[in-house]
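Okay, here's what each chain looks like letter by letter:
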Amino acid sequence: MKFSILAATAFITSQVTAEIYFQEKFDDDYTKRWVESTKWRSKDEMGKFAHTAGQWYGDEKDKGIQTSEDAKFYGLSAKMNKSFTSADKELVVQYSVKHEQSLDCGGAYIKLIPGDIDQDKFGGDTPYSVMFGPDICGSSNKRTHVILHSNPKDENLLITKDVNTETDDLSHLYTLHIKPDNTFEVFIDQKSVRNGKLDEEFEFLEKKEIKDPDASKPEDWVDEAKIADPEDKKPDGYDDFPAEIPDPDASKPDDWDDEDDGEWEAPMLDNPDYKGPWSPKMIDNPDYKGNWVHPKIANPDYKEDDTMYQVCKDGCNYVGFELWQVKTGTLFDDIIVTDSLEEAQKFAEETFFKKKDAEKAMYDKIQEEKKEAEMAEMGDEDEDDDDDDEELDGFEDEF
């Protein structure tokens, strides 16, 4: 009973202290909060977001924003309700993504942007603190990007091992959780797909050890494991057999004219007695010392850092999408930036999971109807082919 009371108290405390810094469900008035990047690239290069629930959905009235023009750049940003500063807080970024177009090449990631920006110019060169979400291009590049800002290095760090992503046509929920103990976790549809320590999954810190710059391999170091046997000699007559010989069964054609065709030569065949270039057999090298290993020393530039998690050290103030897509149809919805995983999960239950099953049912129905239509069309084509065959049979009978 004591454990339950403590757990309940902790839960209530988390609800009281949790803050939501940004939340977006893309209601009809969303354009009042979001600014298009009209000065990032030329008008011809930029695509427009459509306000729609898509082709399949759980609730037709519950809309998101969807890329709508092929081979275009997309830029859109919104100022957060409140600036998020890492300090000693957790950071949770969560949103949903649906690829209705069988995405072949394009990004679908979201960014957290620090400082103050000209939103009209927001684009690929705008500094960011977090970049998170799916990125697909071709069959080999399918990942969930996790890129975090390092304050000491003043650069953005890509996670060193790829995180899987979803590639089907349905909505999926992506969640990034960064904690003050310098650990992180990535969820897709609230299932953990990667977790670990920031210093082990990102290059926040310099290496603890480096190769000794004053050490080098000794000049007399022997690293050849095998040598030619000095006692092994090439057999007498080994080179007497050429690689090719004239075909003994070939003869000059009767109509061969030496004056017109030149002197006749028999075609060449591989010589079965030819053994290839001779080489002595190899034996263990008695002077072999093994592979030389460069000795290491402690890296003087290595420093511990317990603030790696502070990716928004000076405050993140904007949320943005800065994308390029070859084939469009990606729909975004249900964004939340908070300092509580529980708050993000609660929001997901109220939005994403509320419509997830109905969307899947509608999608399956559409695919089944499409399949039935294709089968019917194939049947019509077969009947047309049969009619053509009957007409040809009748035509042949006339002759």
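Overview of the structure.

Conventions adopted
Counting from 1, residues in each chain are numbered in the order their sequence is written. Totals for whole chains, interfaces and linings use every residue, but because this is a predicted model, local features are given only for residues with pLDDT of at least 70 and side-chain atom pairs only at 80 or more, for both listing and counting. Only hydrogens and water are set aside when side-chain values are computed; all heavy atoms of the structure are taken into account. Put simply, buried Ala, Val, Leu, Ile, Met, Phe, Trp, Tyr and Cys residues joined by side-chain atoms within 4.5 Å make one nonpolar core. Only protein chains enter the area calculation, which uses a 1.4 Å probe; residues under 20% of their type maximum are buried, those over 50% are exposed, and those in between are partly exposed. Helix and strand assignments come from DSSP, with helices taken as H or I runs of at least 4 residues and strands as E runs of at least 2, each series counted from the N terminus. The criterion used for residue contact is that any of the two residues' heavy atoms lie within 4.5 Å. To obtain the arc, one takes the directions from the helix axis to the C-beta atoms. What makes a salt bridge here is a side-chain nitrogen of Lys or Arg within 4 Å of a carboxyl oxygen of Asp or Glu, nothing more. To count toward a patch, a residue needs a relative accessible area above 30% and no salt bridge. Like charges then connect within 9 Å, nonpolar side chains (Val, Leu, Ile, Met, Phe, Trp, Tyr) within 5 Å. Under the convention used here, a 1.4 Å probe and the Shrake-Rupley method define accessible areas, while residue burial counts only the protein chains that appear. A positive count includes Lys and Arg, and a negative count includes Asp and Glu. His and the chain ends are not counted in either. Where a charge lies is defined by one atom per residue type: Lys uses NZ, Arg uses CZ, Asp uses CG and Glu uses CD. Note on aromatic contacts: the rings of Phe and Tyr and the six-membered ring of Trp form a pair at centre separations within 6.5 Å, being stacked when their planes are under 30 degrees apart, edge-to-face when over 60 apart, and tilted otherwise.

Observations regarding the nonpolar core
- Ranked by size, the top nonpolar core spans 52 residues in total, and within it Trp34, Tyr95, Leu148 and Phe321 carry the most contacts.
- Here this core gets five residues from one element, more than from any other, and that element is strand β5 (residues 72-84).
- The contacts of Trp34, once residues within four sequence positions are left out, are Phe22, Glu24, Phe26, Leu76, Ser77, Ala78, Val319, Phe321 and Ile335.
- Residues Val92, Phe187, Ile336 and Phe347 belong to the second largest nonpolar core, which totals six residues.

What to know about helix α4 (residues 341-350)
- Those residues of α4 that sit buried are Leu341, Glu343, Ala344, Phe347 and Ala348. Projected down its long axis, α4 carries its buried residues within an arc of 160°, all on one side.

Some details on the pattern of salt bridges
- Overall, the coordinates contain 19 salt bridges when judged by the stated rule.
- Residue Lys252 is joined to Asp258 by a salt bridge in which the shortest nitrogen-to-oxygen separation is 3.4 Å.
- Overall, the relative accessible area of 37% leaves Lys252 in the partly exposed class.
- With a relative accessible area of 42%, Asp258 lands in the partly exposed category.
- Salt bridges linked by common partners bring Asp62, Asp333, Asp334 and Lys355 together as one network.

Let's talk about a negative patch on the surface
- There is a patch of like negative charges on the surface, built from Asp254, Asp255, Asp257, Glu259, Asp260 and Asp261.
- The residue Asp254 is located in the loop between β17 (244-246) and α3 (258-261) in this model.

Here's the deal with the packing of aromatic side chains
- The full count for this structure, using the stated rule, is 18 aromatic pairs.
- Judged by centre distance (5.8 Å) and plane angle (80°), the ring pair of Phe22 and Trp34 falls under edge-to-face. Pair noted here: Phe22 is in strand β1 (residues 20-24) and Trp34 is in strand β2 (residues 34-36), with a separation of twelve residues, a long-range link.
- Using a relative accessible area of 2% as the deciding quantity, one classes Phe22 as buried.
- Classification of Trp34 as buried rests on a relative accessible area of 5%.
- Ring centres of Trp40 and Phe73 lie 5.5 Å apart, and the angle between their planes is 75°; on these two criteria the pair is classed as edge-to-face. Of this pair, Trp40 sits in the loop between β2 and β3 (49-52) while Phe73 is found in strand β5, placing the two residues 33 residues apart along the sequence.
- Trp40 sits in the buried class, given a relative accessible area of 18%.

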